Amino acid sequence: MAAASSPDTAPAAPVAKRDRTHYVYIAVIIAVALGITVGLVAPDFAVELKPIGTGFVALIKMMISPIIFCTIVLGIGSVRKAAKVGAVGGIALVYFLAMSLVALAIGLVVGNILEPGTGLAVTDAVKDVGQAQVDAEAKDTTEFLLGIIPTTIVSAFTSESVLQTLLIALLAGFALQAMGSAGEPILRGVQHIQRLVFRILAMVMWAAPIGAFGAIAAVTGSAGLDALKSLAVLMLGFYVTCFLFVFIVLGALLRIVAGLNILTFFKYLGREFLLILSTSSSESALPRLIAKMEHLGVSKPVVGITVPTGYSFNLDGTMIYMTMASLFIADAMGTPMSIGEQIPLLLFLLVASKGAAGVTGAGLATLAGGLQSHKPALVDGIGLIVGIDRFMSEARALTNFAGNAVATVLIGTWTKEIDRERVDEVLAGRIPFDEKTLLDDHGHDTEPAPAEAPGQDGEKELAKA
């Protein structure tokens, strides 16, 4: 309440220090341009640069599990009623399912209008490439569900499954909630670990220009102009479809439900979009999305549950991709599907896609596994889109990220777990995001944990030091 009584003095602290991290993102833009140039001029050399981009994404991914764990444990552990967490999770899952169906429907309409695969030839080499995608990556629904359970509590942090970390974090959060005051020292400890992890992430982000250069150069060099020309209709159609979904469907929802302009909202997330564009991975921006949504004014429980779950269950871009790619392959194979055949296949892919990671290539692998299980005759045609899959993954990752960012605000609004006054202040630029710690020391949760107050001043001094 004290912060609210002195609005003139509250914003002074964060404005005092100049944010120099914008230089990093200017360097990322330059690095992307250089990477594309190198990829076109010296494609063989550019492909050799792939480990640079892979290494940077790996650095980001190693931070995801601890950040998700700390965020969810702090969010759930500080909430008084477990029913609130359950309500957030239930609303999130219903919304994710609804938006997946909308994305499938849009992809279905555009795919049937364009018919981009008509007239292409499927050679034996293409068939071999398609079969190779299945053999390596196919996974059925039962394996996916069992894969949510980690071998041990510790192994959840070393696996690449976001859902395993989510499960352990939920259990720990509810356990600390049940412990009451006895769990407060543990919550404070987790809070300090979260600060450490976010500070490490801020350090890692300085390597973003190098990672962006390597990733973009490798993608450009490996795809080549021939693949882009022959499959331009599919690729451009996919980009346009993703654009329409984000700015018409998501934009309308954000305006109607939360009263926000999607362009203003995306401007706030501009650095994250640039990071995804340069790495082809929506997971590279997951930790920063968590930090920025909390800074925006959405409560910790909503952010902690919606963002990690959305990265497995709210893959709007992947839905559109699998719809259009399936229709493209069917046309190219000379066996176009009727609407009666399309709908069951796409509903099957809807289920099969849950749990697909936000990393480049996951959408292709999920498509291959889904087609192998439901319509094996189409698997041979997957080789046709391998050449441009990396470029399509850019739009896929950007759309997935946009969908999860919007979902967090919508669910926060529906559950009344969002500070609207703070949202307006943040989007207007009056409360800047702290790029050094990626954390907000000025609490805005609807139910603050009483045990956090004594240590706040000391923590602020440490952060300043």
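Refer to the structure presented above.
Residues numbered from 1 in each chain as written. Predicted model: local features only at pLDDT ≥ 70, side-chain atom pairs only at ≥ 80, totals over all residues. Heavy atoms only, no water.

1. Concerning the packing of aromatic side chains
Counted by the stated rule, this structure contains eight aromatic pairs. Centre to centre, the rings of Phe 265 and Phe 266 are 6.0 Å apart; their planes meet at 35°, and the pair counts as tilted. The two residues Phe 265 and Phe 266 agree in class, both being buried. Note on Phe 266 and Phe 273: the rings are 5.0 Å apart at their centroids and 70° apart in plane angle, and the pair reads as edge-to-face. Like Phe 273, Phe 266 is buried. The structure contains a cluster of three or more aromatic residues connected by ring pairs, namely Phe 243, Phe 247, Phe 265, Phe 266, Phe 273 and Phe 401. Against the face of Tyr 268 rests Lys 292, its NZ or CZ located 4.8 Å from the ring centre. The ring of Tyr 321 is capped by Arg 396, whose NZ or CZ atom sits 4.2 Å from the centre of that ring. (Phe/Tyr/Trp six-rings, centres within 6.5 Å; stacked < 30°, edge-to-face > 60°. Buried < 20%, exposed > 50% of the residue type's maximum accessible area, 1.4 Å probe, protein only. Lys NZ or Arg CZ within 6 Å of the ring centre and 35° of its normal.)

2. Some points on unusual backbone geometry
Positioned with a positive phi, Lys 416 is a non-glycine residue whose angle comes to about 55°. Checked against the element boundaries, Lys 416 lands in the loop between α21 (386-414) and α22 (420-427). (Helix = DSSP H or I, 4+ residues; strand = E, 2+ residues; numbered from the N terminus.)

3. Focus on a nonpolar patch on the surface
Residues Val 240, Phe 243, Leu 244, Phe 247, Ile 248 and Leu 263 make up a contiguous nonpolar surface patch of roughly 570 Å² in combined accessible area. Examined against the element boundaries, Leu 263 turns out to sit in helix α14 (residues 262-268). Taking the relative accessible area as the measure of exposure, Leu 263 reaches 56% and is therefore exposed. (Patch = residues over 30% accessible without salt bridge, like charges linked within 9 Å, V, L, I, M, F, W, Y side chains within 5 Å. Areas by Shrake-Rupley, 256 points an atom, 1.4 Å probe, with all protein chains shown as cover. Salt bridge = Lys/Arg side-chain N within 4 Å of Asp/Glu carboxyl O.)

4. Some thoughts on the pattern of salt bridges
Within the structure shown, the criterion is met by five salt bridges. With a closest N to O distance of 3.2 Å, Glu 272 and Lys 292 form a salt bridge. Residue Glu 272 is located in helix α15 (residues 270-279), and its partner Lys 292 is located in helix α16 (residues 286-296); the two are separated by 20 residues in the primary sequence. The two residues Glu 272 and Lys 292 agree in class, both being buried. One salt bridge in this structure joins Arg 430 and Glu 425, with 3.0 Å as the shortest N-O distance. Here Glu 425 falls in the partly exposed class, since its relative accessible area comes to 28%. Through salt bridges with shared partners, one network takes in Glu 272, Arg 288 and Lys 292.

5. Details of the environment of Leu 34
Note that Leu 34 resides in helix α3 (residues 22-41). Residue Leu 34 is classed as partly exposed on the basis of its relative accessible area, which comes to 48%. Spatially, the C-alpha atoms of Leu 34 and Ala 212 are 9.7 Å apart, while their sequence positions differ by 178 residues.

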